[in-house]
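Given next are the chains, with one letter for each unit.
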Amino acid sequence: MQDSPSLPEVLVCAAGDLVNGGLGVKVPVTDGAGRTTVFFVRYQDQVHGYLNRCAHIGVELDWEGSFFTRAGDLIMCARHGATYQPDTGVCVGGPCKNGRLTALAVTERDGGVFWQPAGKIQPLDAAA
């Protein structure tokens, strides 16, 4: 199938489910290479979404839904400690220096967090 128009946006969670520096919400997806997840977190009162893949070695970043350092100021790879700016996805520490997380289009409105799938990263149920 050729590139199709963007799918309808996906309701990820209630806006109140994401707190600054708190646990993230994961959604199963396919990214063209297989099954994986994306995640959504809140940082400085803004919601951000990324493909759940470390820029260093490609493993999932979280440990049981936890994406932030204990201070809640950076996203950290639980596997080897690479750190990323939560608002840009830019690697600021560790072996992925100058790498970047793959950002997602995410909006917050009407008490919900919504993701607009695009490109190869698609929700599993829509990609099946």
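Definitions and cut-offs
Residues numbered from 1 in each chain as written. Predicted model: local features only at pLDDT ≥ 70, side-chain atom pairs only at ≥ 80, totals over all residues. Heavy atoms only, no water. Phe/Tyr/Trp six-rings, centres within 6.5 Å; stacked < 30°, edge-to-face > 60°. Helix = DSSP H or I, 4+ residues; strand = E, 2+ residues; numbered from the N terminus. Buried < 20%, exposed > 50% of the residue type's maximum accessible area, 1.4 Å probe, protein only. Contact = heavy atoms within 4.5 Å. Pairing = 2+ DSSP bridges. Axes fitted to C-alpha atoms, helices over the stretch in contact; angles between N-to-C directions. UniProt positions renumbered as here; feature names shortened; annotations may be inferred.

Right, let's talk about the packing of aromatic side chains for a bit. Under the criterion given, the structure shown has four aromatic pairs. Between the aromatic rings of phenylalanine 39 and tyrosine 50, the centroid separation amounts to 5.8 Å while the plane-to-plane angle is 40°, which identifies the pairing as tilted. Of this pair, phenylalanine 39 sits in strand S3 (residues 35–43) while tyrosine 50 sits in strand S4 (residues 46–51); the two residues are 11 residues apart in sequence, bridging distant segments of the chain. With respect to class, phenylalanine 39 is no different from tyrosine 50; both count as buried. Seen from their ring centres, phenylalanine 39 and phenylalanine 67 are 3.9 Å apart, and the 10° between their planes marks the pair as stacked. Here phenylalanine 39 is found in strand S3, whereas its partner phenylalanine 67 is found in the loop between S4 and strand S5 (75–76), with 28 residues between them in sequence.

Time to look at the environment of phenylalanine 114. Along the chain, phenylalanine 114 turns up in strand S9 (residues 112–116). Sequence separation between phenylalanine 114 and valine 29 is 85 residues, and the spatial gap between their C-alpha atoms is 15 Å. Each residue touching phenylalanine 114, except ones within four places of it in the same chain, is listed here: Glu9, Val10, Leu11, Val12, Ala105, Val106, Thr107 and Arg109.

In spatial order, the strands read S1-S9-S8; together these three strands make up an open sheet with antiparallel pairing. Among the strands making up the open sheet, the edge pair consists of strand S1 (10–14) and strand S8 (105–109). Looking at each pair of strands side by side, their axes are set apart by 25° on average, direction ignored. Where S8 meets S9, five bridges bridge the pair, whose relative direction is antiparallel. Looking across to S9, one finds that valine 106 is bridged to tryptophan 115.

Turning to the UniProt feature "domain: Rieske" (unreviewed entry) in the protein chain, a few remarks are in order. Under the present numbering, the feature "domain: Rieske" (unreviewed entry) in UniProt falls on residues 10–115. End C-alpha to end C-alpha, residues 10–115 measures 5 Å, and it is 0% helix and 40% strand.

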